[in-house]
Amino acid sequence: MFTETFLAERDKQSKWSGIPQLLLKLYATSHLHSDFIECQNILKEISPLLSMEAMAFVTEERKLTQETTYPNTYIFDLFGGVDLLVEILMRPTISIRGQKLKISDEMSKDCLSILYNTCVCTEGVTKRLAEKNDFVIFLFTLMTSKKTFLQTATLIEDILGVKKEMIRLDEVPNLSSLVSNFDQQQLANFCRILAVTISEMDTGNDDKHTLLAKNAQQKKSLSLGPSAAEINQAALLSIPGFVERLCKLATRKVSESTGTASFLQELEEWYTWLDNALVLDALMRVANEESEHNQASIVFPPPGASEENGLPHTSTRTQLPQSMKIMHEIMYKLEVLYVLCVLLMGRQRNQVHRMIAEFKLIPGLNNLFDKLIWRKHSASALVLHGHNQNCDCSPDITLKIQFLRLLQSFSDHHENKYLLLNNQELNELSAISLKANIPEVDAVLNTDRSLVCDGKRGLLTRLLQVMKKEPAESSFRFWQARAVESFLRGTTSYADQMFLLKRGLLEHILYCIVDSECKSRDVLQSYFDLLGELMKFNVDAFKRFNKYINTDAKFQVFLKQINSSLVDSNMLVRCVTLSLDRFENQVDMKVAEVLSECRLLAYISQVPTQMSFLFRLINIIHVQTLTQDKDSTCLENSSCISFSYWKETVSILLNPDRQSSSALVSYIEEPYMDIDRDFTEE
């Protein structure tokens, strides 16, 4: 539309850095019959003009100048640069006389870098690219080349992060072949993309987990079929060896990770690829720190320094600092554990469980626990800009949380939870059952001993050890309690409870609730929930409770914590109430002794106390916000009350006969009968 002369004149006035003229030349040299040599030369001229702005965008200096604009990337997009590069990249999809056009990996790499830099600096570009579904699908095909893999993966990740509708992986050409041909390093990076494609999209609605929302979603699923995330999970699980390779990545030791040469190759990609600029900057700082102390042979140039090939300087001793190797592995394992965790919570949960057990994920993680997962921080541990070692955003912290989330998903209501133990600990469970003269749990008897943890301690025991040492202000306490609680969920097992009681778990929980007077609501709720599962129907647990809470002063502190937020403590209250009901119907000297001595049971047995709790519990429950993430079987197992009895109770309460003293309607005055009627009818 504009002549080169006109653009040159305007450039002098507007300081466009010659970008419009370069785009005009690029357009002229990128036609279908071009050899693209001149086209690539032009891209080499454009690239540094945009990369400088993108580098400025991701550095800390940007925070000081929030109003800074990025004119080069803006002009590049304004004059059609983004659309032109998309067109150039997709040339291989066009056939001329039966032959598909080809462009070099180097040229694709330049196009991808420029596109990403524009996305970084210019608002709205990423969203526009996300709307081009055919382009997004096409980008996956560019990951077949190692030269363009990292650039492509990073751009895809950013695009998918803003895309309104989730892509379907089954639409990616030759997905199985693509993923199967990834090396382990590529597969780990690919997990960053998978994290977006297999997780249900966040609608921004806090009520999405309520019973009402789940009921609506279930009705929608019945009419529309599985969601895109569920389809994508199934597509991945159909790829031969996919889960096995993830398990190998997750359990790989640092010494088994990629060799120095290939790691340096990836560092080169990171060095020139801005998505990882902060990570690389931190890695360089770690390397230089260790070089000073250990005379390590890698010397990195400062950010922005000119290098012939972009590689760090290396001597003949290509020895990487150990902390860099560890952090490299941590960054990979973060993504892999997340994907495994999501698959464990999906529709194919049982299939994933079988594979994870078969490929020995749990014993592998157990072997990594001390040296990698829960390792002590070194003085030069990697942290990102603006963060510290205790920040939830640091890789070390994130890995621990992701590990705990995986354990929670793995153990929750599944018999494979016993793989968290070793052979000696499984024998201990059997001995507990034998001593108590109760049958062993079938799941324990059926556990494949070749798949359990090895070593002196299983993974559950290791977790208990670090849990008891955790500082009071630690962010891990919540996740640790959730992971241990998931081991107890399901049908109440006396042996499981005693296994944990013998390791001092109840005393630790009570110390945190009473003696440290924990203030965090999230941690308190997780500890109350765990305490409820640990004590439910267990006479020995109530004896231990009474031994620890041995003064009225301690008991009052405990009650204060319960009453301060019944939303957090309601599960414990319900567990104690169920236990009391069972104990009162048993004829046993041991039970009678506990009933007569335990402060907590005596307190709950008082009718005014029960009525007070009932009144308050009813008033904090609202149909609109009520959650139950599990099914009726879980309710039966956790309460030891058949679902038919639950239904019968509900029928009695909802009896429309106002003369029935058991019907709720008999206690509601006539003027209030129509309140919420419209809502309930919906």
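Residues numbered from 1 in each chain as written. Predicted model: local features only at pLDDT ≥ 70, side-chain atom pairs only at ≥ 80, totals over all residues. Heavy atoms only, no water.

1. Some points on the overall build of the protein
Consideration 1: Within the protein, the secondary structure is distributed over 37 helices and four strands.
Consideration 2: When the 682 residues of the protein are sorted by exposure, 49% land in the buried category.
Consideration 3: Taking contacts inside the protein between residues at least 6 apart in sequence as the whole, the part at least 24 apart equals 74%. (Helix = DSSP H or I, 4+ residues; strand = E, 2+ residues; numbered from the N terminus. Buried < 20%, exposed > 50% of the residue type's maximum accessible area, 1.4 Å probe, protein only. Contact = heavy atoms within 4.5 Å.)

2. Looking at the confidence of the model for the protein
One rule of thumb: low pLDDT means the predicted coordinates there are not for detailed reading.
Consideration 1: Averaged over every residue, the pLDDT of the protein is 82; the share at 70 or more is 78%.
Consideration 2: Here residues 295–319 is a poorly scored stretch, pLDDT under 50, and it has 43 contacts once near neighbours within four places are set aside; other chains count.
Consideration 3: In this model residues 378–389 is a low-confidence stretch, pLDDT under 50, and it forms 29 contacts with partners more than four residues away in sequence or in other chains. (pLDDT = per-residue confidence, 0-100.)

3. Brief notes about helix α21 (residues 395–411)
Consideration 1: Its 17 residues give α21 an end-to-end C-alpha distance of 24 Å, which sits within 8% of 24 Å, the value for a rise of 1.5 Å per residue.
Consideration 2: Within α21, 15 of the 17 residues are buried, leaving the element largely enclosed by the surrounding structure.
Consideration 3: Note on α21: the residue one or two positions beyond its end, H413, has a positive phi of about 55 degrees. (Expected span 1.5 Å × (residues − 1).)

4. Let's talk about the packing of helix α9 (residues 133–141) against helix α10 (residues 146–162)
Consideration 1: For the pair α9 and α10, the least separation of the axes is 9 Å and the interaxial angle reads 150 degrees. The angle between the axes of α9 and α10 places the two elements in the roughly antiparallel class. For the crossing formed where α9 meets α10, the hand is left-handed. Contact residues: α9 offers F135, V136, L139 and F140, while α10 offers T152, L155, I156, I159 and L160.
Consideration 2: Within the contact of α9 with α10, the residues separate by chemical class into eight nonpolar, one polar and no charged. (Axes fitted to C-alpha atoms, helices over the stretch in contact; angles between N-to-C directions. Parallel < 35°, antiparallel > 145°, perpendicular 65-115°, else oblique. Left-handed = near helix turned anticlockwise from the far one by under 90°. Nonpolar A, V, L, I, M, F, W, Y, C, P; charged D, E, K, R; others polar.)

5. Notes on the packing of aromatic side chains
Pairs of aromatic rings are described using the distance from one ring centre to the other and the angle between the two planes.
Consideration 1: Evaluation of the coordinates by the stated rule reveals 13 aromatic pairs.
Consideration 2: On the basis of an interplanar angle of 10 degrees and a centroid distance of 5.8 Å, the ring pair of F369 and W374 is categorised as stacked.
Consideration 3: The buried category is assigned to F369, whose relative accessible area is 1%.
Consideration 4: With centroids separated by 5.5 Å and ring planes inclined at 85 degrees, the aromatic side chains of F542 and F583 adopt a geometry described as edge-to-face. Separated by 41 residues along the polypeptide, F542 in helix α29 (residues 539–548) and F583 in helix α31 (residues 566–584) bring together distant segments of the chain.
Consideration 5: Owing to a relative accessible area of 1%, F583 belongs among the buried residues under this scheme. (Phe/Tyr/Trp six-rings, centres within 6.5 Å; stacked < 30°, edge-to-face > 60°.)

6. Describing the side chain of R462
Consideration 1: Among the secondary structure elements, R462 is positioned in helix α24 (residues 459–469).
Consideration 2: Not counting the four nearest positions on each side in its chain, R462 is found in contact with N366, F369, D370 and R457.

7. Thoughts on the side chain of E425
Consideration 1: Residue position: E425 is located in helix α22 (residues 423–435).
Consideration 2: Buried and without a salt bridge, E425 has R503 as its closest oppositely charged side chain, separated by 4.7 Å.
Consideration 3: One polar contact links the side chain of E425 to the main-chain amide nitrogen of G458, over a distance of 3.1 Å.
Consideration 4: With residues near it in sequence (within four places) discarded, E425 still touches L420, R457, G458, T461, F499 and R503. (Lys, Arg positive; Asp, Glu negative; His and termini not counted. Salt bridge = Lys/Arg side-chain N within 4 Å of Asp/Glu carboxyl O. Polar contact = N/O pair within 3.5 Å; in protein donor to acceptor, adjacent residues only side chain to side chain.)

8. Concerning the packing of helix α2 (residues 19–28) against helix α6 (residues 81–89)
Consideration 1: In the contact formed by α2 and α6, the axes pass within 11 Å of each other and the chain directions differ by 25 degrees. Relative to α6, the element α2 lies roughly parallel. The handedness of the crossing between α2 and α6 is left-handed. Here α2 contributes L23, L26 and Y27 to the contact with α6, which in turn contributes G81, L84, L85 and I88.
Consideration 2: Considering only residue class, the contact of α2 with α6 consists of six nonpolar, one polar and no charged.

9. Notes on a nonpolar patch on the surface
Consideration 1: Together, V650, L653, L654, L664, I668 and Y672 line one region of the surface with nonpolar side chains, adding up to about 560 Å² of accessible area.
Consideration 2: Accessibility expressed as a relative area gives 60% for L654, which makes it exposed. (Patch = residues over 30% accessible without salt bridge, like charges linked within 9 Å, V, L, I, M, F, W, Y side chains within 5 Å. Areas by Shrake-Rupley, 256 points an atom, 1.4 Å probe, with all protein chains shown as cover.)

10. Side note on the pattern of salt bridges
Consideration 1: Per the stated rule, a full pass over the model turns up 24 salt bridges.
Consideration 2: Residue K44 pairs with D110 through a salt bridge whose shortest N-O separation is 3.1 Å. A residue pair is termed long-range when its members are at least 10 positions apart, and K44 in helix α3 (residues 37–58) and D110 in helix α7 (residues 105–121) qualify at 66 residues.
Consideration 3: Judged by its relative accessible area of 9%, D110 falls in the buried class.
Consideration 4: As a salt-bridge pair, E485 and R482 come within 2.9 Å of each other at their nearest N and O atoms. You can see E485 and its partner R482 sitting in helix α25 (residues 476–488), three residues apart, about one turn around the helix.

11. Re the state of the cysteines
Consideration 1: Considering all chains together, one arrives at zero disulfides under this definition.
Consideration 2: C111 takes part in no disulfide bond, and the closest cysteine sulfur to it belongs to C39, at a distance of 6.5 Å.
Consideration 3: Classification of C111 by relative accessible area gives buried; the value is 0%. (Disulfide = S-S within 2.5 Å.)

12. A closer look at the environment of A235
Consideration 1: Its place among the elements puts A235 in helix α14 (residues 228–237).
Consideration 2: With relative accessibility at 15%, the residue A235 sits in the buried group.
Consideration 3: On a C-alpha basis, the gap between A235 and R168 in space is 9.0 Å, while along the polypeptide they are 67 residues apart.
Consideration 4: Apart from residues lying up to four places away in sequence, A235 is in contact with L169 and L175.

13. Description of unusual backbone geometry
Consideration 1: One non-glycine residue with positive phi stands out, namely K360, at about 55 degrees.
Consideration 2: Positionally, K360 belongs in the loop between α19 (349–358) and α20 (361–373).
Consideration 3: Positive phi is not limited to glycine here, since F537 has a value of about 65 degrees.

14. Here we look at the environment of G80
Consideration 1: Structurally, G80 is set in the loop between α5 (71–78) and α6.
Consideration 2: G80 sits 53 residues away from Y27 along the chain, and the two C-alpha atoms are 9.8 Å apart.

15. Some thoughts on the environment of T73
Consideration 1: Structurally, the position occupied by T73 is in helix α5.
Consideration 2: Accessibility expressed as a relative area gives 0% for T73, which makes it buried.
Consideration 3: Here T122 takes part through its side chain, which lies 3.2 Å from a polar atom of the side chain of T73.

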